[in-house]
Amino acid sequence: MPNVQITFPDGTSREFAQGVTALEVAKSLGPRLAADALVAKVDSRLLDLTSPIEASGPIQFITPSSPEGLEVYRHSTAHLLAAAVTELFPDAHPGIGPPTETGFYYDFYREKSFTEEDLAKIEAKMRELQKADLPYERIHYPKEEGKKLFEQMGEFLKCQLIEEKAEPVFSAYRTGKFLDFCRGPHIPSTGRIKAFKVLSVAGAHWKGDEKSHPMQRIYGTAFFSQKDLDDFLHKLEEAKKRDHRRLGKELELFSIQDDAGPGLIFWHPKGGMVRKVIEDWLRDELLKRGYDMVYTPHAMRLHLWETSGHTNFYRENMFGAMEVENDRYQLKPMNCPGHILIYKSRRRSYRELPVRMAELGTVYRYERSGVLHGLMRVRGFTQDDAHIFCMPEQLEDEVQACVEFAFAVLSTFGFDRYEVELSARDPEHPEHYAGTVEEWERAEGALRNTLERMKIPFKTMLGEAVFYGPKIDVKLVDAIGRPWQLTTVQFDFNLPSRFELEYVGADGRPHTPVMVHRALLGSIERFFGVLIEHYTGAFPVWLSPVQAIVLPISERHGAYAREVVGQFRAAGIRTELDDRNEKLNARIRDAQLQKIPFMLVVGDREVQAQAVGVRRRDTGDMGSRSLAEFIPWLRQLIDTRAVKW
RNA sequence: GCCGGCGUAGCUCAGUCGGUAGAGCAACGGUUUCGUAAACCGUAGGUCGGGGGUUCGAUUCCCUUCGCCGGCUCCA
């Protein structure tokens, strides 16, 4: 038998008989590696350890320490789940079961729905099969023969997949009694799975198509150690504690009212204050950066939206038009046409470009009822929107300025991790987009150039563009590592021509400007939701609706307490007085729960010393501070918009 | 919109195998005047999400509708 030359990551190489398995190679290197290895990467392809190696080339063993290892491991756990489900519920037909960012899922078609108790049973059965240490056995079938086999088993979904995806000879994996059409690779056996948990069941659709039959998706997760699993479950709990919907109610920030309708936000005084502070700051920044503030109507004639193309490309997301005096008006889903009308209101010279129009513009979009979610996904929201009208040669600078502006804004609110995406069109669905292929290529190129020039790493997302142009999206990463899409900078070569925008160039002739749409916080509502979750409601002082609360120890300190409140308020610090007939401890507890950054206790000692006993919400009692010292210190904390102090 | 779950006092929740409901917190009244996370006593509070049906009788069973939650799909 001929030999093959296998090269290891350290550069050394050895000869093995052709057809040697990766496992045998690993064993020859050491029992420890053989025990650790999950799969092998042979010539940059992931293979089962039991697969024969037929050609010379590099090999690398994938162990639990690599991300690829975790993916394979979770995929194998998904098979374990399916094995348990099909054993317990013969009427369940497996669909697909891939790994995800945080675990895995497996979709099943079944008439009856899975209950919580079923999930517990499934998990127990999985543990049983795990202990049995069943191998993941790779089997090859010629397409037709294999398909017949799955037909006999009644697995019509698998047959469909085989029909669509299978190679002439395809692979399947057997785990105990469960056979699955699967490319693999898999870990050697179920005994290698250390820590897993079945999490939940939810509806899904076969192949993600709404019109296709409903599936039940069982979610689970798996880690290499119980500790990692516990940490993950703990993080889920943490995320629940941060839920902005719960905090919004507890901290009286906002509400959504049945009587008014779903997806419509009521900003209560506390939330309203946070919003006011955000907006005031933002407006100052806009003016510093050469933007003009504008305001446009909430409803405008429908024909305007026909001109813009919204009635074609955006209809599903718009509220129905309303009839007014034989004319039809449309609640605005975007601010652009309004800004365009202002631009068009007179002749524009190249000398005044770029024109940057900003509006905290409230828009209404029809979202299907099932997708609404607190502040994160609503039907009416306010964008910190702006449209920049400029000459093509100014475009890249303007886009760059927008991205820089976005980073500056987000870091002010305490976010410092981002993911940047370039959203391009889906070349397979040209009907979703307005404009020509050449225009799109030029536009995508311009955005790509800008990011590359700025040396910002980014991912290109095909099919994520808006109908009028490609965009750059910035996702911020919050305190517990979740990404949120807020900032969007969109290039538009469509609306300027649809509305016949012009500027007079240096040559005295009319030219068509290009447009940039951009929102930095995205929607104020969503941003607020992210902010609440990021800080668990404990906002930095500059954003806190109540920055300090004065707590007189007994009634005789009331007068001094009111004087202190007066002095703080005079310094522009949002201060309240809690002189309720409650014990100090109770009032401190309430203030803590309201996440007020500073509690100011005043008793005899403080009256004496013209001071306040300062308690921080995070670290507790910090002792007495004189008013003369503390007020300027707090003022400076607010003025510098300190995130930590 | 689709699949599944849920809707009981302001909030968090218990309960009724069909005989019109209960706790804690909050609110209100009083007592207490207190030094860094819940003082004590009392009072009041509910068309059991809305509509319809079955029934002598429905908060409970059935249908329908609205809303919420977890997903799918879509997005700021």
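Residues numbered from 1 in each chain as written. Chains lettered and ligands numbered in written order. Predicted model: local features only at pLDDT ≥ 70, side-chain atom pairs only at ≥ 80, totals over all residues. Heavy atoms only, no water.

Asker: Looking at this structure, I do not really get the protein's contact with RNA strand B. What am I missing?
Answerer: Residues in close proximity to RNA strand B total 50 residues, the closest being Arg377, Glu555, Asn581, Arg589 and Glu606. In RNA strand B, atoms within 4 Å of the protein come from the sugar-phosphate backbone in 49% of cases. In this structure, a base oxygen belonging to RNA strand B sits 3.3 Å away from a side-chain N or O atom of Arg368. Those elements that provide at least two residues to the surface near RNA strand B are strand 13 (195-205), strand 14 (214-223), helix 8 (244-250), strand 26 (483-492), strand 29 (514-523), helix 18 (584-593), helix 19 (604-609) and strand 33 (611-616). (Near = heavy atom within 4 Å. Polar contact = N/O pair within 3.5 Å; in protein donor to acceptor, adjacent residues only side chain to side chain. Helix = DSSP H or I, 4+ residues; strand = E, 2+ residues; numbered from the N terminus.)

Asker: Would you mind going over helix 5 (residues 143-152) with me for this structure?
Answerer: Since the α-helix turns once every 3.6 residues, residues separated by three or four places project in the same direction. Of all the positions in helix 5, only Gly146, Lys147 and Phe150 are classed as buried. Viewed along the axis of helix 5, the buried residues span an arc of 100°, placing them on a single side of the element. Set apart from the buried face of helix 5 by more than 90 degrees, the exposed residues are Glu145 and Gln152. Elements in contact with the buried residues of helix 5: strand 10 (137-142), helix 6 (156-165), strand 11 (169-175) and strand 12 (178-181). Gly154 sits one or two positions beyond helix 5 and adopts a positive phi of about 80°. (Buried < 20%, exposed > 50% of the residue type's maximum accessible area, 1.4 Å probe, protein only. Arc of directions from axis to C-beta. Contact = heavy atoms within 4.5 Å.)

Asker: In this structure, what is going on with the pattern of salt bridges? I would like to understand it.
Answerer: When their charged atoms lie close together, side chains carrying opposite charge are able to pair. Scanning the entire structure with this criterion turns up 45 salt bridges. With its nearest N and O atoms 3.9 Å apart, the salt bridge here joins Arg138 to Asp48. With Arg138 in strand 10 and Asp48 in the loop between strand 5 (45-47) and strand 6 (52-53), this residue pair connects regions lying 90 residues apart in the sequence. Judged by relative accessible area, which is 30%, Arg138 ranks as partly exposed. Judged by relative accessible area, which is 4%, Asp48 ranks as buried. Here Asp231 ties to Lys227 by a salt bridge, and the two come within 2.9 Å at their closest N and O atoms. Of this pair, Asp231 and Lys227 both sit in helix 7 (residues 226-241), four residues apart, which is roughly one turn of that helix. (Salt bridge = Lys/Arg side-chain N within 4 Å of Asp/Glu carboxyl O.)

Asker: Can you help me understand the packing of aromatic side chains in this one?
Answerer: The description of two aromatic rings rests on the distance between their centres and on the angle between their planes. Scanning all chains against the criterion turns up 31 aromatic pairs. Geometrically, the ring pair formed by Tyr106 and Phe178 is edge-to-face, given 6.5 Å between the ring centres and 75° between the ring planes. Of this pair, Tyr106 sits in strand 9 (residues 104-109) while Phe178 sits in strand 12, and the two are 72 residues apart along the sequence. Like Tyr106, the residue Phe178 is buried in the burial classification. Where Phe528 meets Phe539, the ring centres are 6.0 Å apart and the plane angle is 15°; that geometry is what we call stacked. Remark: Phe539 occurs in the loop between helix 16 (524-535) and strand 30 (548-552) and Phe528 occurs in helix 16; sequence separation between them is 11 residues. Among the aromatic residues, those joined into a cluster by ring pairs are Phe89, Tyr106, Phe108, Phe114 and Phe178. In this structure, Arg74 packs its charged tip against the face of Phe223, placed 4.7 Å from the ring centre. (Phe/Tyr/Trp six-rings, centres within 6.5 Å; stacked < 30°, edge-to-face > 60°. Lys NZ or Arg CZ within 6 Å of the ring centre and 35° of its normal.)

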